[in-house]
Amino acid sequence: MLGVEMTAADVVPGAPWDEGVPAKDRFECWRDLMGRTRECDATSAHADSFEAQLQRSELGAATMFWTSFRSARFVRNERMVRRSHGPELYHLSLMTSGAAALKRGQDQRERPRSGELWLTDSTTPYDVRLFGTGAEDAHVVGLGIDIPQPLLPVPHRLVRSLLGRSLAANSGSGALLTDFLPRLGRQAHTLRRAEASRLGTVVVDLVAAWVAQELDAAPALSQEARRRALMESVRAFIRHNLHDPGLTPAVIAAAHHISVSHLHRVFTHESQGETVAAAIRTQRLRKARRELADPALRTVPVHVVATRCGIPRAAEFSRAFRNAYGLSPREHRHRALTGPGDA
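Cut-off values and rules
- Residues numbered from 1 in each chain as written.
- Predicted model: local features only at pLDDT ≥ 70, side-chain atom pairs only at ≥ 80, totals over all residues.
- Heavy atoms only, no water.
- Pairing = 2+ DSSP bridges.
- Helix = DSSP H or I, 4+ residues; strand = E, 2+ residues; numbered from the N terminus.
- Contact = heavy atoms within 4.5 Å.
- Axes fitted to C-alpha atoms, helices over the stretch in contact; angles between N-to-C directions.
- Core = buried A, V, L, I, M, F, W, Y, C linked by side-chain atoms within 4.5 Å.
- Buried < 20%, exposed > 50% of the residue type's maximum accessible area, 1.4 Å probe, protein only.

Trainee: Whenever I open this one, the sheet that holds strand E11 (residues 166-167) confuses me. Can you help?
Mentor: Sheet strands line up and pair through hydrogen bonds in the backbone, either parallel or antiparallel. Within the open sheet, the 6 strands sit side by side as E2-E3-E10-E5-E8-E11. Their pairing is antiparallel. Pairing within the sheet leaves two strands with one partner each, and these edge strands are strand E2 (52-59) and E11. Examined bridge by bridge, strand E8 (residues 117-121) and E11 share 2 bridges and lie antiparallel to one another. In the strand pairing of E11, Leu 117 is matched with Leu 167. The sheet strands contacting helix H4 (residues 172-187) are E2, strand E3 (62-69), strand E5 (89-97), E8 and strand E10 (140-148), and the helix crosses E5 at an angle near 85°. Taken strand by strand, helix H5 (residues 193-215) contacts E2, E5, E8, E10 and E11, and its axis lies near 100° from that of E2.

Trainee: It is not clear to me how the nonpolar core should be interpreted in this structure. Could you clarify?
Mentor: The nonpolar side chains of soluble globular proteins are, as a tendency, buried together. Counting residues in each nonpolar core, the largest one holds 35 residues, and the members touching the most others are Leu 92, Leu 181 and Val 211. For this core, the secondary structure elements donating two or more residues are E3, E5, E8, E10, H4, H5 and helix H6 (223-240). The leading source of residues in this core is H5, at 10 residues. Residues contacting Val 211, with those up to four places away along its chain left out, are Leu 119, Leu 152, Val 154, Val 159 and Leu 162. Listed in part, the 20 residues of the second largest apolar core include Trp 30, Ala 52, Phe 74 and Tyr 126.

As structure tokens, then:
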């Protein structure tokens, strides 16, 4: 994932990056695209039959990319670093499938594993090998975020100790990042510029919260950054617990070690006045609406769908659904699952 960068004109959201490129030129084209903003030397044992997927999204000042390929090696040497004129960047990588071997600087070596987060920078040479594991044609799959160093609200002297290390991301802010980034990657190409910019700010705050957690340096974050990171953590908690009828503001506050009044204050400020209870109700109804329209769930009774979405009382669910969407759950399911020729 290191070094896979392009300018906005190179990759059109939702379109294949290699559209119209002859197979024999595909790897050379990909390597050229990768060197546009951060010079590096890319090679691959599969260059003659190269296949890759790539999606790049601008999130304000941050850049996000998702990529998949069989294997590649990226080398950025000292000469490339010295003649670089671009902004100094942090690069956060998350590999969701595959394996990696990283050498950073003279003697730092790591073997990041799938599901781990690793942070590097553009001012230190690196040599990274990425390859699929398992089947012969297995691909590396991962995503990355490039963040201008001045944007990360943690002093570089503190961040330096994390650079080049692979770190577990199964709890706290790390788990939040590994949950949030893939979901954002799937939706990024649909975002308007203003939405993308706002979410870019959220990404930077989440990365900052993760860095501060790893460094035990939360006081280094601004109050605004801590508030936005808390908000995204609350949203993730709600998302993961919609099935629980006992999900209340008090439960959410306790899980985040804050008072209920502080939760309400932060939530309404970051959600343009929406309350916690209203957000829970809205997300439950949206989830139920999606499931009722899913052909794979057409045999699941309506009351079971409602219960799975945290609303076990049938009358309450039916009333709330009709108020929100103007028709009953059964009517919605019928309309969604009945084709024009079956009406």
